[in-house]
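Each chain is listed here by its residues.
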Amino acid sequence: MNVIPREVLRVMVGCQSLATTTGGGPGEVVTEEDIIGDPLEKAVLLGCNWTLRSSNTVCPKSSIMTNTTAMTSSMSSSSSSAYLKPISVHHRFTFSSRLKRMTVLARDAQSRDLWALSKGAPETLHALLDKTSIPSNYEQVYKYHMGLGQRVLCMGYRNLGSSADVSDLREKGRSYVERDLIFGGFLVLDCPLKSDSCRVIKELKSSCHDAVMITGDSVLTAAEVARQVGIIGTKPKDTYELKKVVRGGSGGANEEEEGKVSFEFVPMDDDNDGDGSKTAAGTTTTGKQNRGIAYVPSNFNVLEEMTQKSEVALCVSGETLIEFAMEAVRRKRRKDATTASTTTAPPPLHVKTVFHELEARDALKSLVTIVSVFARHAPRQKEAVIAAFNDAGKFTLMCGDGTNDVGALKQAHVGISIVSVPDLEAKQRSAEEEIAKIKAEEKKERKAMKKKNKKTAKDGDAKSSSSSSIDKKRRKKARSLNLEKVVRQMQEAEEELSYVALGDASVASPFTSRAMSIKCCKDVLQQGRCTLVTMIQIYKILGVNCLVNALVLTKLHTHGVKQGDRQLTVVGMVVAAMFLFVTKGKPLSTLSPQRPPSTVLCKQVLLSITVQFVIHFVAIMAATNLSLSYVDPYDPSIIPDGAFNPNTLNTCTFLLTVMATINTFVVNYRGKPFTENLMDNKLMLRSVQVSYGALFASALEVFPPLNQLIQLAPLPTPEVVRAMPVDMIQNENVYLSGMVDMFGFNVTLCIFMVLDGVLSYVAEKTIVRIFEG
């Protein structure tokens, strides 16, 4: 940027709302870090090689060449230096989301001429420009750059003269100042995408999440950026924008009251010649049928299907959204007026309150579900869009980085504010590009060395091989040093982030990310799913275990089943450890299209708990009935209030109860596709393996000291089983006794333990497959 017209430079550096954190006194140096405000305005100011002297004064940082249409090469150096004098801002008409522009009143140093400097949306500022200064290709140029995904601002200025008084102009208002402006050109800003945005959006969409864009940028810019990151997958010719259409009229208020207003999705490249003519922003009058798609109830299913198949992408501007909401309310009022007996006039509609009307909310909740890009949206409109998604039964996650997003962040079910620091983003982006370059060089060198080694081995040139090895080590060392430098640069950027002050968006949202990336959306979903799945499985484990314990304390207590102190201690320690290890499961790195149950009290969870308890109940009661035949009827411990004494009944019931508890942890451990599998959760895996090993070792009595430690009685031997009188075997135990005769008591008990685990596992997986597919 070496040659800039003075009038344009004045707008670029003077029309801004930047401030400095220092006093800006004489001799005080204002650094880049001291300048605060809009990052884009700061980038433009520094890009012009100017800086802030104070919050209301800008001055050139170093000598730059400027030029005006009247400047000639014979201009003296003293005359030329006048173009580099500081600029003082006397008043600011701040940027308004509704007006989409800002204006400042400024003077050059040692000059009495007061200038009105304006910048804003090209379509908004067009009406404020002097018609003689507007080039014929005005609309074509700004739309071209917007179509490339660039931000475009129109610049205008007016010399108010030396007699203009700032106080007088401030009282007259901006409408008086912002008129007959001279067109100064377009300020085109190219904001590079974050390196991982495309990847995150792709993963969100592949996991059955809908991603939409809500922005203050123009529709053309927003649609192209959405196309680049993957939010929409259509070509520009298949991208449609919702427009208000007035049929057979001039677009005035009478047509609106008479119900001639409709809304259509029209191609964004439609210039409205031939069939339609533009009468106002976002409004067309149509005499014949155009190539738009009418937004009517009969077309909704068609539009929804087309958007799902990526045949079209639909966009809507904030201004059209307001008109759409107001028209929905008007139609309801016209309908009520034809049936109402009273003539009381309804309250007037206002853009600030129209989104609170029930009719507007009902209309919006259908519209937003098929729209992918919401452009030129003010804070209130962003909030209304999120509220409409909520009304439509969607669960919303909003990610924003500015004050304009505060309302939407609070309205969303999950609000995430991200820290926006362009300088640090540029530093990280540069480091990532350097790392990618180093990796590409390594890959290229490996291929070259592989070819060279083959050639050397074929020719048998040992000297050449030694020389290439030395060169390889030298290059590898250089790359290693460069990589260390880049990594250190990224670490410094991350450390600087921790000192960045949080803004209003961070206060309004429950989550704040310092990563400067939308990856935080994926992280919240991953962690949220992991937490939800973990809590559901914990509640299922608690539910099944409580039912099993209730069975032991009620049904089995009448048979004298009790547990010893050491048994309770061991079980308590194992259960506590397993609950801890269950929570150690980490979320997977990729999001799954499959979704977990949204609540604990759902059919899937309740059915799972019931089926698992029935299986455990049958297994425990079978072991109890099997053991009753081998219990001494005169054993005082079988009395409900008797002291604990190890016997066959207590031993079998304890082993089956503990087995059911361990099986509950194993069966209800969810794992993929939400968290790491049981095989990857090493602590949980090892504890399960040790528990199973100890239980089967106790059941098979392979290590008697272990049985003695946990107060287990010796189980009936084959001799005892064969010596059991037939008349002592109860009728319901005949089949079980047959198994004991065939396999032995210990093996039969192990069969019950295995069946309990296998059936529980199969039942749980079947239920998951039925409910989640």
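Residues numbered from 1 in each chain as written. Predicted model: local features only at pLDDT ≥ 70, side-chain atom pairs only at ≥ 80, totals over all residues. Heavy atoms only, no water.

Asker: Can you help me understand a positive patch on the surface in this one?
Answerer: On the surface, K443, R446, K447 and K451 cluster together to form a positively charged patch. Relative to the elements of secondary structure, K443 occurs in helix α16 (residues 422–459). Residue class for K443 comes out partly exposed when judged on its relative accessible area of 49%. (Patch = residues over 30% accessible without salt bridge, like charges linked within 9 Å, V, L, I, M, F, W, Y side chains within 5 Å. Areas by Shrake-Rupley, 256 points an atom, 1.4 Å probe, with all protein chains shown as cover. Salt bridge = Lys/Arg side-chain N within 4 Å of Asp/Glu carboxyl O. Lys, Arg positive; Asp, Glu negative; His and termini not counted. Charge placed at Lys NZ, Arg CZ, Asp CG, Glu CD. Helix = DSSP H or I, 4+ residues; strand = E, 2+ residues; numbered from the N terminus. Buried < 20%, exposed > 50% of the residue type's maximum accessible area, 1.4 Å probe, protein only.)

Asker: Looking at this structure, how should I read the sheet that holds strand β20 (residues 397–400)?
Answerer: By definition, the strands of a sheet pair up through backbone hydrogen bonds, in either a parallel or an antiparallel sense. Strand order in the open sheet formed by 3 strands is β20-β21-β22, with parallel pairing between adjacent strands. Each end of this open sheet is capped by a strand with a single partner; those strands are β20 and β22 (511–513). Within the sheet, the average angular offset between the axes of one strand and its neighbour, ignoring direction, is 20 degrees. In terms of strand pairing, strand β21 (residues 414–418) meets β22 through 3 bridges, oriented parallel. Its bridge partner being in β22, I418 is matched across the sheet by S513. Sitting on the sheet, helix α19 (residues 519–553) touches β20, β21 and β22, and the angle it makes with β21 is about 145 degrees. (Pairing = 2+ DSSP bridges. Axes fitted to C-alpha atoms, helices over the stretch in contact; angles between N-to-C directions. Contact = heavy atoms within 4.5 Å.)

Asker: Got a minute to help me understand the nonpolar core in this structure?
Answerer: For soluble globular proteins, the rule of thumb is that nonpolar side chains tend to be buried together. Membership of the largest hydrophobic core comes to 52 residues, with the highest contact counts inside it found for L656, F665, M684 and L749. Secondary-structure elements contributing two or more residues to this core are α19, α20 (565–582), α21 (603–628), α22 (648–668), α23 (682–700) and α27 (745–772). By residue number, the principal contributor to this core is α22, which donates 10 residues. In this structure, M684 is in contact with M578, F581, V582, F665, Y669 and L678, ignoring residues within four places of it in sequence. Counting 41 residues, the second-largest nonpolar core is a separate cluster that includes F263, F300, A328 and A408. (Core = buried A, V, L, I, M, F, W, Y, C linked by side-chain atoms within 4.5 Å.)

Asker: Help me out: how do you make sense of the pairing of strand β9 (residues 114–120) in this one?
Answerer: Looking along a regular strand, one sees the side chains alternate between the two faces of the sheet. Among the 7 residues of β9, 7 are classified as buried, and the element is accordingly described as predominantly covered. By the alternation rule, side chains of β9 split into L114, A116, S118 and G120 and W115, L117 and K119, which are all buried. With 7 bridges joining them, strand β8 (residues 101–108) and β9 adopt antiparallel strand pairing. Each bridged residue has a counterpart across the sheet, and for R101 the counterpart in β9 is G120. Hairpin remark: β8 followed by β9, antiparallel, with 5 residues in the connecting loop; positive phi at Q110, about 60 degrees. In the sheet, β9 pairs with strand β10 (residues 151–161) via 7 bridges, with the strands oriented antiparallel. Along β10, the bridge assignment pairs W115 with N159.

Asker: I would appreciate a short explanation of the sheet that holds β9 in the present structure.
Answerer: One open sheet holds the 7 strands; their spatial order is β4-β5-β7-β8-β9-β10-β11, and the pairing between them is antiparallel. If you trace the sheet from one side to the other, it starts and ends with β4 (50–54) and β11 (182–189), each paired once. The mean inter-strand angle of the sheet, taken between neighbouring strand axes irrespective of direction, is 30 degrees. Judged from the 4 bridges that link them, β4 and strand β5 (residues 57–60) form a sheet pairing that is antiparallel. Considered in β5, the bridge of L52 is made with V58.

Asker: Mind showing me how you'd approach the packing of α23 against α27 here?
Answerer: Between two packed helices, both the angle of their axes relative to each other and the distance between the axes serve to describe the pair. Put simply, α23 and α27 touch, their axes get as near as 8 Å, and they point 150 degrees apart. When the axes of α23 and α27 are compared, the pair comes out roughly antiparallel. Residue-level contacts link L695, F696, A699 and L700 of α23 to N746, L749, C750, M753 and V754 of α27. A class-by-class count of the residues in the contact of α23 with α27 yields 8 nonpolar, 1 polar and no charged. (Parallel < 35°, antiparallel > 145°, perpendicular 65-115°, else oblique. Nonpolar A, V, L, I, M, F, W, Y, C, P; charged D, E, K, R; others polar.)

Asker: I tried to follow helix α12 (residues 318–339) on my own but got confused; where do I start?
Answerer: Residues spaced three or four apart along an α-helix point in a common direction, a consequence of the helix completing one turn every 3.6 residues. Taking 1.5 Å per residue, 22 residues should reach 32 Å; α12 reaches 33 Å between its end C-alpha atoms and fits that length. Taken as a whole, α12 has its buried residues at G318, T320, L321, I322, F324, A325, M326, E327, A328, V329 and R330. (Expected span 1.5 Å × (residues − 1).)

Asker: What is the right way to read a nonpolar patch on the surface from this model?
Answerer: The grouping of L700, V702, F703, M742, F743 and V747 at the surface amounts to a nonpolar patch, some 600 Å² of accessible area in total. Within the secondary structure layout, F743 lies in helix α26 (residues 734–743). The exposure class assigned to F743 is partly exposed, which follows from its relative accessible area of 41%.

Asker: Can you walk me through the packing of helix α8 (residues 197–206) against α19 in this structure?
Answerer: Two elements in contact, α8 and α19, have axes whose closest approach is 9 Å; the angle formed by their N-to-C orientations is 35 degrees. As for the relative orientation of α8 and α19, their crossing is left-handed in sense. In this structure, α8 uses R199, V200, E203 and L204 to contact α19, whose residues at the interface are K519, K522 and L525. Residue composition of the contact of α8 with α19, grouped by class: 3 nonpolar, no polar and 4 charged. (Left-handed = near helix turned anticlockwise from the far one by under 90°.)

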